Structure formats: structure tokens, C-alpha cells
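The lines below spell out each chain.
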Amino acid sequence: MDDYRFPKGEEVREQWSQQVGRDGFLLLEAVYAPTAPGWLREVDVVQVLRQSWVQQYHRDAKGVRWREGKDLPPAHHRLCSPYDTDARWGIRRGSGWTGYKTHLTETCEPDTPHVITQVATTDAVVADTEMTELVHQTLAERELLPHVHVVDAGFTTAAFFLAATERGMELLGPAPHDSSRQSREGQGFSRADFTIAWDDESAVCPGGHRSFEWWQQKHHRNGAPVLKVFFSAEHCRPCPKQTSCTKPPSGRRGRGITFHLPATRAARGPRSRPPGPGDRRMERALRGPGRR
């Protein structure tokens, strides 16, 4: 429903929403009553109404009220429109919409016609990183895999750079940035301020302390091989630089950092550089998988 159709004023809207909620529950109770025909419950619009009310309203001894915040279901399960139950709410760079994403892959040579080689449509909450490998797999099956595939930052991870290399192609796009709190805020010590001693299997912090734990694992989101190191709380807790580095440790571990392994870093490196003047690959930078 368009916003302008709602009653004006927060208090009036709250009263209106509670009345709508009560009306909906009254209708559902009548449909699911033992004396009601069973086929009523199977009607599509009744199923949509029931799912919407379960997701959007809360009813207890105090009455009926809208669910808010964490009381709502996750975005990928939440209905956004009674007219299209597959549509979901998406947001990108501050702009939101209800519906879907369309990812397009297009040839972009300057002296030939531009041809769309792959189209994939998902609901609006599917992350771009979930599509990179799917797009490459589809292109490979159709023997349309490019030598260079230029994408924006939403489609890159260290694992995808490595996988593209193994496919014999180049994935060209911005490497994922350091998402640590220190890097985001531009204060304190980020991952770049730590030194890795590969031969000794340890890392050294800006305060000169050496890590006490070191192991390899797969990244929990993208499956890329990564290195996890931890510094001892015995060093972090009294360190004069602790407030610029990490929160006060409560256990035996202090600052923990995730590093990409050398092979993965090598796969990322050449692809994260800014294209130089005259680099024809930049002509494809806006033509990789995108959102519509």
C-alpha cells in the first residue's frame, strides 16, 4: 500500500494498524473454525493472509500490535507484497526496492556489437557474491567463459579470484576491503599494521609482541583458505597500545586477525590494481554482472 494512503499522524496510524490486525485475526479464526469448510483454508489468498499476519503482527493478552525490529522474520523469508509472494525487500547504496535483482553479463569490445551472454534473476536479498560462481559455471557450460571478466566490488572475494585463475580466466575487480572496526573507523591498528613471519608461522603486532596461535582454515563465508592468528591476552591486556588495537580481552586470547594465504593474495593482487590509461579491460568494468 502506498504511504500516502495511510492515516496521518503516528498515533492514528498505530490505532489503525491495531484495528487492521484485529480484523485479520477475526477473519482467520472464522476460516479455521471447526465448522468452516476445509477448502477455505487452502485458498491462496487465505494462505497469504495467514503468513502475513504471522510475520507482521503479534497477539497476546495485551492485544494486537505490529512486530518490529528483531521480532520480524529474516528478510529472505519476509513477505513484502501480497501480490507477489516471491518479491523481497532489497537495499543498495541507500536505495531500497521491493522485487528482484537481474544480473547481466555482456560482451563489451569497442569494435563489435555488445551481446548479452548470461542473465540470472534472484530475489532482492540474494548477495552479489552468491552469483559469481553460478554465472561462471553457466558461462563455462555454454562455452562462453571470457578470458577477462570485469565486475564491481560486490562480486569479488579472495576465493573467487583464485577460482577464476584455476578456470584459466581473469576476474578483474576491486579486492574486498579490510572490514575490521579499526579500518572502517580509520583509527587504531588494522590488519595492514601487523607483520607476518611465514617461516616462523607467527605474526608480530605493532607493539612488538608475537602471536601464540596460528592455524589455517576456510573462510566461513566464501570458503577461501585463510590464516587465523591470535595474540595472548597476557600481552594485549597491559599493552599501552591496547585501546588502539582491540577491546579489553576477557579470556586467554587477545587480538585475533585473519590473513589470506600467499596463493590467494597472489591471485587477488593483480586484479585489484586500478586499470591504467588505455587499458581496454576498463571498457568492460561497467558491463559485468549487475543489478537491474
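Whatever comes next refers back to the structure up there.
The residue count restarts for each chain, going from 1 along the sequence in the order it is written. It should be noted that, the model being predicted, local features are given only for residues of pLDDT at least 70 and side-chain atom pairs only at 80 or more, the latter also being counted only at that level, while totals for whole chains, interfaces and linings use all residues. Side-chain metrics in this entry use all non-hydrogen atoms of the structure; hydrogen atoms and water are not considered.

### Details of the packing of aromatic side chains
Note on ring pairs: Phe, Tyr and Trp rings are taken, using the six-membered ring of Trp, and paired if centres are within 6.5 Å. Classes follow the plane angle, with under 30 degrees stacked, over 60 edge-to-face and the rest tilted. Applying the stated criterion across every chain, the model contains six aromatic pairs. Consider the rings of Phe25 and Tyr57, whose centres lie 6.5 Å apart with planes at 75 degrees: the pair is edge-to-face. Residue Phe25 is located in helix H1 (residues 10-31), and its partner Tyr57 is located in strand S1 (residues 57-60); the two are separated by 32 residues in the primary sequence. Here Phe25 and Tyr57 have matching classes, each one buried. Runs of E in the DSSP output that reach at least two residues are strands. Runs of H or I that reach at least four are helices, and both are numbered from the N terminus. Under the scheme applied here, a residue whose accessible area is under 20% of the maximum for its type counts as buried, over 50% as exposed, and between as partly exposed, the area being computed with a 1.4 Å probe on protein chains only.

### Considering the nonpolar core
When a protein is soluble and globular, its nonpolar side chains tend to lie buried together. Ranked by size, the top nonpolar core spans 13 residues in total, and within it Phe194, Val229, Phe231, Ile257 and Phe259 carry the most contacts. Those elements that provide at least two residues to this core are strand S11 (225-232) and strand S12 (253-260). With three residues, the top contributor of residues to this core is S11. Here, nonpolar core means buried Ala, Val, Leu, Ile, Met, Phe, Trp, Tyr and Cys residues that are tied together by side-chain atoms lying within 4.5 Å of each other.

### Focus: the pattern of salt bridges
Each reported salt bridge corresponds to a side-chain nitrogen of Lys or Arg within 4 Å of a carboxyl oxygen of Asp or Glu. Applying the stated criterion to the full structure yields seven salt bridges. Residues Asp60 and Arg65 are paired through a salt bridge, measuring 3.0 Å at the closest nitrogen-oxygen approach. The partner of Arg252 in a salt bridge is Glu213, and the shortest N-O contact between them spans 2.7 Å. One end of the pair, Arg252, is in the loop between helix H6 (233-236) and S12; the other, Glu213, is in strand S10 (residues 213-218), with 39 residues separating them in the sequence. For Arg252, a relative accessible area of 56% corresponds to the exposed category. Within this structure, Glu213, Arg252 and Arg253 form a network of salt bridges that share partners.

### Some details on the state of the cysteines
We call a pair of cysteine sulfur atoms a disulfide whenever their separation is within 2.5 Å. This structure, assessed with the given rule, holds zero disulfides. The thiol of Cys245 is not disulfide-bonded; the next cysteine sulfur, from Cys236, is found 6.1 Å away.

### Let's talk about helix H3 (residues 132-141)
Listed in full, the buried residues belonging to H3 are Thr132, Val135, His136 and Leu139. Considered in projection along H3, the buried side chains sweep an arc of 95 degrees and stay on one side of the axis. Positive phi appears at Glu143, one or two residues downstream of H3, with a value of about 55 degrees. Starting at the helix axis, one direction is taken to each C-beta atom, and the arc is that of these directions.

### Quick notes on the sheet that holds strand S3 (residues 88-92)
Strands pair, by our definition, only if DSSP identifies at least two bridges between them. An order of S3-S4-S5 is seen for the three strands of this open sheet, with the pairing classed as antiparallel. Here the strands that pair on one side only, and so sit at the sheet edges, are S3 and strand S5 (116-123). Neighbouring strand axes in the sheet, compared pairwise and without regard to direction, differ in orientation by 50 degrees on average. Across five bridges, the pairing between S3 and strand S4 (residues 95-106) is antiparallel. From the neighbouring strand, Gly90 faces S4, where its bridge partner is Trp97. In this analysis, two residues are considered to be in contact whenever any of their non-hydrogen atoms come within 4.5 Å of each other. Orientation is described by lines fitted to C-alpha atoms, with helices fitted over the stretch in contact, and by angles between N-to-C directions that extend from 0 to 180 degrees. Taken strand by strand, H3 contacts S4 and S5, and its axis lies near 145 degrees from that of S5.

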